[in-house]
Amino acid sequence: MSDTPDPAGPGAGARADRAARVAAMKAAERSRARRRRALVVAIPTVAVLAVAGTVTAVFLNRPEPPSLDAVRTFDYAASEHTTDPVAYEQTPPAGGPHDPTWLNCGVYDAPVPNENAVHSMEHGAVWITYRPDLPADQVEELRSAVAGETYTVLSPYEGLPSPVVLSAWNNQLAVDSAEDPRIDAFLAKFVQGAQTPEPGALCSNGTGTPTG
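Conventions and cut-offs
- Residues numbered from 1 in each chain as written.
- Predicted model: local features only at pLDDT ≥ 70, side-chain atom pairs only at ≥ 80, totals over all residues.
- Heavy atoms only, no water.
- Helix = DSSP H or I, 4+ residues; strand = E, 2+ residues; numbered from the N terminus.
- Buried < 20%, exposed > 50% of the residue type's maximum accessible area, 1.4 Å probe, protein only.
- Polar contact = N/O pair within 3.5 Å; in protein donor to acceptor, adjacent residues only side chain to side chain.
- Contact = heavy atoms within 4.5 Å.
- Disulfide = S-S within 2.5 Å.
- Core = buried A, V, L, I, M, F, W, Y, C linked by side-chain atoms within 4.5 Å.

Caption draft 1: Broad picture of the side chain of Thr-152. Within the fold, Thr-152 resides in strand S4 (residues 152-156). On the basis of relative accessibility, which here comes to 2%, the residue Thr-152 falls in the buried class. Only 3.1 Å separates the side chain of Thr-152 from the backbone oxygen of Glu-149, close enough to count as a polar contact. Excluding residues within four positions of it along the chain, Thr-152 makes contact with Cys-105, Gly-106, Val-126, Val-146, Leu-187 and Val-191.

Okay, structure coming up:
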């Protein structure tokens, strides 16, 4: 057996497994959306309704991802740009007026400007924030969660209501642990999800220098 260290670094296998799990959840989410659309189209005819019933049975028998019922939703309008500081109602913000320049997606070791991060969420990014005193192993777990995700921002944040808070445009979930399975489900649903006001917009070539 070789003693040569894994060039990908420790934890690479766990990160790959987690990335695969999130990808599977995303695929399941897209599949559920297609089936929901199929059921709506199928309503007019009895023959298609029978097929729809079969599809529904298959859909109901598929393993469900962790519930996201605890996600809080808001109603912020998009495309409101300002160069002034913004007093956001949520900590961290989940939408609202923001800087004209978006934040480059990636991992940050220090707090990032709200106004730039909100613009990234407008482009479909999920912003994961954590208390600065979160244990190192929990921070590493969060790094694992965003590994391979190009539309995510990870950064510490002072004054959070929970140890970890995940935010997408008009959607927010607070969790007590970086190991909460809903983190993967949130990423699967909201990274460039249906809530995105500007789908296809960049999460690079903006401002900020991520460390990972």
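Read on, since the account is not over.
Caption draft 2: Summary view of helix H4 (residues 136-146). Every buried residue of H4 is accounted for by Gln-138, Val-139, Leu-142, Ser-144, Ala-145 and Val-146. At the exit of H4 stands Gly-148, carrying a positive phi of roughly 85°.

Caption draft 3: How the structure looks around the environment of Gln-138. Relative to the helices and strands, Gln-138 is located in helix H4. Gln-138 has contacts with Ser-177, Ala-178 and Glu-179, leaving out every residue within four places of it along the chain.

Caption draft 4: Local environment of helix H5 (residues 182-190). Across the 9 residues that make up H5, a large majority, 7, are buried. Of all the positions in H5, only Ile-183, Asp-184, Ala-185, Phe-186, Leu-187, Ala-188 and Phe-190 are classed as buried. Within two residues after H5, Gln-192 carries a phi angle of roughly 50°, on the positive side.

Caption draft 5: Region of interest: the state of the cysteines. Under the definition given, this model contains 1 disulfide. The disulfide that involves Cys-105 links it to Cys-203, with 1.6 Å between the sulfurs. Handedness here is read from the sign of the S-S torsion; for Cys-105 and Cys-203, about 45°, the answer is right-handed. Of the two residues, Cys-105 sits in the loop between strand S1 (72-73) and strand S2 (106-107) while Cys-203 sits in the segment after H5, which places them 98 residues apart along the sequence. For Cys-203, a relative accessible area of 6% gives the class buried.

Caption draft 6: Local environment of the nonpolar core. Counting 41 residues, the largest nonpolar core has Val-126, Ile-128, Leu-142, Val-164 and Phe-186 as the members making the most contacts within it. At the level of elements, helix H3 (114-122), strand S3 (126-130), H4, S4, strand S5 (164-168), strand S6 (171-175) and H5 are the ones that each hand at least two residues to this core. Sorting elements by how many residues they give to this core places H5 first, with 5 residues. Other than its neighbours up to four places away in sequence, Phe-186 contacts Leu-68, Val-71, Val-126, Leu-166, Ser-167, Ala-168, Asn-171, Gln-172, Leu-173 and Val-191.

Caption draft 7: Broad picture of unusual backbone geometry. At the junction of Thr-91 and Pro-92, the peptide bond is cis and its omega measures out at -5° in the coordinates. With respect to the helices and strands, the residue Pro-92 is situated in the loop between S1 and S2. You will see that Ser-79, though not glycine, has its phi angle at about 65°, which is positive. Following the sequence through the fold, Ser-79 ends up in the loop between S1 and S2. At Gln-192, a residue that is not glycine, the phi angle is positive and equals roughly 50°. Mapped onto the elements of the fold, Gln-192 is located in the segment after H5.

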